[in-house]
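Below are the chains, spelled out letter by letter.
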Amino acid sequence: MTRDELEQALADLPFRLLRRLGRAIAGPPALRMGKRRLMHTIMAGAEANIERIEAAIRTHQAEQQALAAVPAPAGGASSEHKSGKPADQRALLEGIGVPEPRPFVPDDWQVEAVEALERGDVIVSVPTGSGKTYVAVEATRRAMHEDRTVVYTSPLKALSNTKYTEFCKIFGPEFVGIITGDRRDNPTAPILIMTTEILRNLLYDAAGGEIDVRLDTLGLVIIDESQFLGDPERGVVWEETIIFCPSQARLLLLSASIGNPQELAAWLTSIRPAPCHLVRHQHRSVPLRAGYLHPNGKLTPLFRTVTMPPSPSQAVLHPEAKRLFTMFEEDTLYARRSG
Amino acid sequence: MPPSIHPVHLVTVLRQKSLTPAIVFLTSRRSCDEALQAFEHATDPLSPARQESITAVLDELTATYPSLQDHPLRKMVTACGVAAHHAGHLPSWKIAIEELMRRGCLDAVFATTTLAAGVDFPARTVVLTQSGVRRDQDFTDLTIAEVAQISGRAGRRGKDSVGFAIVTPSPYMDLGVLIRGLTGRPEPVDSQFIIAYPMVLNLLKAHPLDHIQSILAKSFAQYQMNAQAAHLEHRIEKLHAKLESYQPRECSDWLTQWSAYGHATRQTAMKLQARRHHPPEVRARLPYLTPGRVVAFPRFRGIVLRRYRSRGQRHEMMTVLRKGGVVAESPVADIMGVIDRTFDFAPASAFPWATPEALSWLTQQLEDLPKHLSFLTVPPAPDEEEGEVVKSLGDLFPCPTCPCRPTCAKEFKAANTVKQEWLHHTRTVQSLRTGLWHKFQERAEILQDLGYLNPAFKLTADGEWARLIRIDFSLLITELIRAQAFKDVAPPTLAGLMACIAYENDRPGSFPRITAALASLVAATRRMADALAPYDDPPLLRADVGGLAERWVSETTVTWAQLCRSTSMAEGDIYRLLSRTLEYLSQVHSLQATHPDLATVAAEALSRIRRGVLEELP
Ligand SMILES: Nc1ncnc2c1ncn2[C@@H]1O[C@H](COP(=O)(O)OP(=O)(O)O)[C@@H](O)[C@H]1O
Ligand SMILES: [Mg+2]
């Protein structure tokens, strides 16, 4: 095979085979490559791995021939009978729209989190959009009742601003202050909004003897988006804030779903005066469905079932989505080759 | 992106299927802007009622954010009900788009994945068009947590009974990444703890050095490392038990003795290995490459002056005399053949390894050689046997008379593997347990050398104020202050320099010219950063971006629009640059007590930056 022929044959391979090849040639980094970079990597290592590559091409050709030879199984007789007929577009879109208005009732986990704060620190790790703000607001309300200062931190100035507006609406502007890197509005208010960096600096000052703002009466520190602890550049600030957080204050860590919330909770328990309570769930309050939209405008479910598969290993693509996507891949690769 | 779905078509389909409002995630700001531009020629504008509701929201927000008044995208958003949302926009514009979205006024927003965390920006549908994201020049797959953040925006509580994540393909999309992202468990969060100079100063301000270790022990970093260490310790115990099972024999240090022997064996073997490193035909030539030998290279001939191998190198080298008296170094492997001709000459003990007379004589000989000369036929090199190695090590061979020797010989390899693993783990555990503390001590000693800490690791006068600078590159800034670099500095120059230090993006662009004063201050800063390079990573230190901050501070009549026109930088980036500059300046401003003059200049710069758009948000 010439290099051109080889490249052509590679381009015809399905992504999964390309990936396997890439991995054999370039190791695990190949698993993170897109199709173009994979092709490039494989071509770069083609000389030394020619047998492997040809084997993959033969496998693919054999598969294609086998597919062409066996007629598709008719309707219900397929081996996928157990999983039932694949869902269709109607099922995907069924029930779309605005739900009946319902009075606001806090979820169990929200109540649990607020109450657990009476006894110690709390970590909340739930999917985005679940309603962590409710927990923050209720906890703030309770701390205010006990005349304690509340600090709310977020990773971004923009978020601090939004929360500032929101808290002003709920508690009244005279009770809410905001501190940013270069500015302080109402810094003696009982509720203070700031970025995590600013709180860390305040804690440094307090430890150094310069008691600033109202850290002596600090009763609650809310750290929103606390999954930022794992941020390569800024994560250290979250850690410092937690380590230096005065022991009389309760910590409320609000986080999107993360892989190891129990580890974080165990850590907090090991360094803080009271045990840390973990509130976590993976349940989405509004159910999610996944669809596949082909460039020609055709919409199909992405998975066989309309509900989301519980894990990647149980995720089976909808046959139509699979067919369309494969077609798309072939088209774009062909277009690239000829153009 | 030709083969992907056209943005107008996409929004039409979404509208048809009642999948709006939707957030369409794209990889770059540019693709967001282009998607929006595609609507310029779209024919069906929104109904007047919907247009009015958008106008009403924007008007309402304009009271708080005057920059919305004449925003160039206003018309477009109002007419089409679609918008873009990315870091190139001003915060006020992003707030407006978020608010419009919350109120359900828009049908679609084209956003970059940086929208990820925190912002309350939900929709009925999210559209995923890519499986990767650009990070520091490179393109990497979206993590599961990122896909979860994106899909988390689909489905608003109270407004949607179902949320949708719609995948639409684009070239190079890896569907597997998205499937994993949609169905997998998010990655664990791992500690990214690092010990920075301000941390050292501030900790030592509040605590004596001997308390520090227990404070560091409270970090999540240490918690995770302890868990790792505990895991390894378990393994170490097992390895220890395994080692015990090799009974001590006549002596207790048989492993050490045998290791010493093994070590010596390896050393000798390595020497041989180095020779073996060459292919057999090259190896076979080695004995012939004595001083005075004529050799042929692909393009010329030469005479070998000496043969050697540099320390740590595996390749045999030669010093060769070439035509015209040139003396050059060349790997043995480069020669094409050994020519059947040698010259006797007087060698020297240093370069050029021959006496001057010999050298000129050899040069002449080389010239005079006939055109055609035959190569020597070199017999292939024999393979050296391990046996030779052992033979030459005879006197090192352990315990020649010990009755246990056969057993030891048999078990040494296995036992030694266990012991090495044991050693390795023991060392790892040690560094896991004490690494942070050592790093802290290392940093503290540097600060001591630089004069921020006294011999007792207490803050010196310089340390007392330096600990108030808690931004990136704090060491650079405090060292500049100590070196009097800011003596008589003007507010625009100080602002310009802080902008240069704070800005860490290398996106190219055009900017207003910087003044000579700023240029020389940047040069001084660069020299300082280079000098500090062993202690701290230097900033990117782009001089050009400083021009923006300098102009904004020096000419207070310049409007935001004029500033934007003077550069190719997006206004969101200019805003971020200036707001970072504000942050840096206010750290300098915090040094009032010790550096009143500098603090005054910083205060002046701060107040001049804060105007117009920069005044809109706290
Ligand atoms: N118990 C609840 N019942 C109905 N809607 C709720 C409930 N709790 C929160 N919400 C709504 O859910 C939305 C998302 O909440 P938010 O706190 O922003 O989520 P996140 O967890 O991402 O911080 C908000 O609009 C909020 O009003
Ligand atoms: Mg939130």
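Treat the numbers as computed from the prediction; the structure is a model and nothing was measured.

Novice: Lay out the overall build of chain B with the relevant residues and their values.
Specialist: Secondary structure assignment for chain B yields 23 helices and twelve strands. Taking 25 Å as the expected radius of gyration for a compact globule of 618 residues, we find that chain B reaches 36 Å, considerably beyond that expectation. The principal-axis extent of the C-alpha atoms belonging to chain B is close to 100 × 70 × 65 Å. Burial status across chain B gives 51% buried among its 618 residues. Considering only intrachain contacts with a sequence separation of at least 6, the fraction spanning at least 24 residues in chain B is 73%. For chain B, the accessible surface area stands at approximately 29,100 Å², while carbon and sulfur atoms represent 53% of it. Mean positive and mean negative side-chain charge positions of chain B (69 and 66 charges, respectively) differ by 3 Å.

Novice: Got a sec to walk through the interface of chain A and chain B? Specific residues and values, please.
Specialist: In this complex, chain A contributes 93 residues to the contact, which on the side of chain B involves 83 residues. Buried area between chain A and chain B, summed over both chains or domains, comes out near 7,500 Å², and the portion from carbon and sulfur atoms is 60%. Where chain A touches chain B, the interface holds three salt bridges. Between Arg470(B) and Asp205(A) there is a salt bridge whose closest N-O contact spans 2.7 Å. Connecting chain A to chain B are 29 residue pairs in polar contact (both at pLDDT 80 or more). Residues that form the side of chain A that touches chain B fall into these classes: 42 nonpolar, 27 polar and 24 charged. Two strands pair when backbone bridges link them, and strand β9 (residues 288-293) of chain A and strand β7 (residues 163-167) of chain B are joined in this way by five bridges, in the parallel orientation. Residue pairing across strands places Tyr292(A) opposite Val167(B), the latter belonging to β7(B).

Novice: Help me get a handle on helix α23 (residues 596-609) of chain B, residues and values and all.
Specialist: Residues and elements named next belong to chain B. Helix length check: α23 (14 residues) gives 20 Å between terminal C-alpha atoms against 20 Å at 1.5 Å per residue, within 8%. Residues Leu598, Ala599, Val601, Ala602, Ala605, Leu606 and Ile609 constitute the buried set of α23. Considered in projection along α23, the buried side chains sweep an arc of 160 degrees and stay on one side of the axis. Away from its buried face by more than 90 degrees, α23 exposes Asp597 and Thr600.

Novice: For the domain arrangement of chain A, give the residues involved together with the corresponding values.
Specialist: Residues and elements named next belong to chain A. Once the domains are mapped, chain A shows domain 1 (3-69), domain 2 (79-95 + 288-337) and domain 3 (108-280). Facing six residues of domain 1, the contacting portion of domain 2 comprises four residues. Carbon and sulfur atoms supply 50% of the area that domain 1 and domain 2 bury against each other, a total of about 540 Å² over both sides. It is Gln8, Ala11 and Lys35 in domain 1 that bury the most area against domain 2; as a group they hold 55% of the surface buried on that side. Where domain 1 touches domain 2, the interface holds zero salt bridges. At the boundary of domain 1 and domain 2, one finds zero residue pairs in polar contact (both at pLDDT 80 or more). Broken down by secondary-structure element, the contributors of at least two residues to the side of domain 1 that touches domain 2 are α1 (3-12) and α3 (35-44). The dominant element in the side of domain 1 that touches domain 2, judged by the number of residues it contributes, is α1, at three residues. Taken together, the residues of the side of domain 1 that touches domain 2 sort by class into three nonpolar, one polar and two charged.

Novice: Outline the sheet that holds strand β3 (residues 108-112) of chain B, supporting the account with residue identities and numerical values.
Specialist: Sheet architecture is open: seven strands sit in the order β10(A)-β9(A)-β7(B)-β4(B)-β1(B)-β3(B)-β2(B), paired in mixed fashion. Sheet topology places β10 (299-301) of chain A together with β2 (82-85) of chain B at the edges, where each strand pairs with a single neighbour. Sheet twist, expressed as the average angle between the axes of neighbouring strands with direction ignored, equals 25 degrees. The sheet contact formed by strand β1 (residues 22-26) of chain B and strand β4 (residues 125-128) of chain B spans four bridges and is parallel. Paired with Phe25(B) across the two strands is Leu128(B), which belongs to β4(B).

Novice: How would you summarise the pairing of strand β1 (residues 122-125) of chain A if you had to cite specific residues and measurements?
Specialist: Residue and element names in this part refer to chain A. Going residue by residue along β1, you find Val122 and Val124 tucked away on one face and Ile123 and Ser125 tucked away on the opposite face as well. When β1 meets strand β7 (residues 250-255), the two strands line up parallel, connected through four bridges. Residue pairing in the sheet places Ile123 in a bridge with Leu253 of β7.

Novice: Tell me about the site of ligand 1, and please be specific about residues and values.
Specialist: Within the structure, ligand 1 sits among Phe104(A), Val105(A), Pro106(A), Asp107(A), Gln110(A), Thr128(A), Gly129(A), Ser130(A), Gly131(A), Lys132(A), Thr133(A) and Arg157(B). Residues close to ligand 1 are split across chains A and B. One of the side-chain N or O atoms of Gln110(A) is found 3.0 Å from a nitrogen atom in ligand 1. Between ligand 1 and the protein, one listed contact pairs an oxygen atom with a backbone N or O atom of Gly131(A) at 3.1 Å. Of the residues assigned to the shell around ligand 1, the class counts are three nonpolar, six polar and three charged.

Novice: Kindly report on the packing of aromatic side chains, identifying the contributing residues and their values.
Specialist: Here the structure, examined in full by the defined rule, presents 13 aromatic pairs over all chains. Here the aromatic rings of Phe39(B) and Phe110(B) are separated by 6.0 Å at their centres, their planes lie at 50 degrees, and the arrangement is tilted. Note that Phe39(B) is positioned in the loop between α2 (29-37) and α3 (48-62) and Phe110(B) in strand β3, a separation of 71 residues in sequence. Among the residues examined, Phe39(B) registers a relative accessible area of 4% and is labelled buried. Connected via pairs of aromatic rings, a cluster forms that spans Tyr152(A), Phe167(A) and Phe171(A). Positioned above the aromatic ring of Tyr197(B), the side-chain terminus of Arg443(B) is 4.5 Å from the ring centre. Taking the ring centre of Trp552(B) as reference, the NZ or CZ of Arg611(B) above it sits at 3.7 Å.

Novice: Account for the confidence of the model for chain B, naming residues and giving values.
Specialist: In this model, chain B carries a mean pLDDT of 88, and residues with pLDDT of at least 70 account for 93%. Across the whole predicted complex the pTM is 0.78, and at the interface the ipTM reaches 0.77.

Novice: Just give me the short version of the pattern of salt bridges, but keep the residues and values in it.
Specialist: Tallied over the entire structure, the rule returns 36 salt bridges over all chains. Glu615(B) serves as the salt-bridge partner of Arg183(A), at 3.3 Å between the closest nitrogen and oxygen. Taken together, the residues Arg183(A) in strand β4 (residues 183-185) and Glu615(B) in the segment after α23 connect one chain to another. Exposure remark for Arg183(A): the relative accessible area of 22% places this residue in the partly exposed category. Judged by its relative accessible area of 40%, Glu615(B) is partly exposed. Put simply, Arg156(B) and Asp160(B) hold a salt bridge, and the shortest N to O gap is 2.7 Å. In terms of burial, Arg156(B) and Asp160(B) fall into one category: buried. Residues joined by salt bridges that share partners form a network here, namely Glu60(B), Glu99(B), Arg102(B) and Arg103(B).

Novice: Mind laying out unusual backbone geometry, listing which residues take part and the relevant values?
Specialist: For the bond from Thr20(B) to Pro21(B), the omega torsion is -5 degrees, close enough to zero to count as cis. For Pro21(B), the location among the structural elements is in the loop between α1 (7-16) and β1. With an omega of 0 degrees, the peptide bond running from Phe351(B) to Pro352(B) counts as cis. Structurally, Pro352(B) can be placed in the loop between β12 (337-342) and α13 (356-368). The phi dihedral of Glu225(A) falls on the positive side, at around 55 degrees, and the residue is not glycine.

Novice: Break down helix α15 (residues 405-450) of chain B for me, with residues and values.
Specialist: All names here are of chain B. Spanning 46 residues, α15 covers only 58 Å between terminal C-alpha atoms, well under the ideal 68 Å at 1.5 Å per step. For α15, the principal kink sits at Thr434 and spans about 55 degrees. After α15 finishes, the residue Gly451 shows a positive phi value of roughly 95 degrees.

Novice: Could you give an account of the packing of helix α18 (residues 491-502) of chain B against α23(B), naming the residues involved and the relevant values?
Specialist: Residue and element names in this part refer to chain B. Contact geometry for α18 and α23: axes closest at 8 Å, N-to-C directions at 80 degrees. Accordingly, the angle class assigned to the pair α18 and α23 is roughly perpendicular. Residues Pro491, Pro492, Leu494 and Ala495 of α18 form the contact with α23, whose own contacting residues are Leu598, Val601, Ala602, Glu604, Ala605, Arg608 and Ile609. Considered class by class, the residues forming the contact of α18 with α23 number nine nonpolar, no polar and two charged.

Novice: Give me the sheet that holds β12(B): which residues, what numbers.
Specialist: Residue and element names in this part refer to chain B. The five strands are arranged β11-β10-β9-β8-β12 in an open sheet whose pairing can be described as antiparallel. The strands lining the two open edges of the sheet, one partner per strand, are β11 (327-331) and β12. On average, each strand axis in the sheet is tilted by 40 degrees relative to the strand beside it, whichever way the strands run. Direction of pairing for strand β9 (residues 301-308) relative to strand β10 (residues 317-321): antiparallel, over a ladder of five bridges. Directly across from Ile303, in β10, lies its bridge partner Leu321. Where α13 meets the sheet, its contacts fall on β9, β10 and β11, and the angle it forms with β9 comes to roughly 140 degrees.

What counts and how
Residues numbered from 1 in each chain as written. Chains lettered and ligands numbered in written order. Predicted model: local features only at pLDDT ≥ 70, side-chain atom pairs only at ≥ 80, totals over all residues. Heavy atoms only, no water. Helix = DSSP H or I, 4+ residues; strand = E, 2+ residues; numbered from the N terminus. Rg over C-alpha atoms; globule rule 2.2 N^0.38 Å. Buried < 20%, exposed > 50% of the residue type's maximum accessible area, 1.4 Å probe, protein only. Contact = heavy atoms within 4.5 Å. Areas by Shrake-Rupley, 256 points an atom, 1.4 Å probe, with all protein chains shown as cover. Lys, Arg positive; Asp, Glu negative; His and termini not counted. Charge placed at Lys NZ, Arg CZ, Asp CG, Glu CD. Buried area = accessible area lost by both parts, 1.4 Å probe. Salt bridge = Lys/Arg side-chain N within 4 Å of Asp/Glu carboxyl O. Polar contact = N/O pair within 3.5 Å; in protein donor to acceptor, adjacent residues only side chain to side chain. Nonpolar A, V, L, I, M, F, W, Y, C, P; charged D, E, K, R; others polar. Pairing = 2+ DSSP bridges. Expected span 1.5 Å × (residues − 1). Arc of directions from axis to C-beta. Domains from an automatic or database assignment. Axes fitted to C-alpha atoms, helices over the stretch in contact; angles between N-to-C directions. Near = heavy atom within 4 Å. Phe/Tyr/Trp six-rings, centres within 6.5 Å; stacked < 30°, edge-to-face > 60°. Lys NZ or Arg CZ within 6 Å of the ring centre and 35° of its normal. pLDDT = per-residue confidence, 0-100. Bend = angle between axes of the 7 residues up to and from the residue. Parallel < 35°, antiparallel > 145°, perpendicular 65-115°, else oblique.

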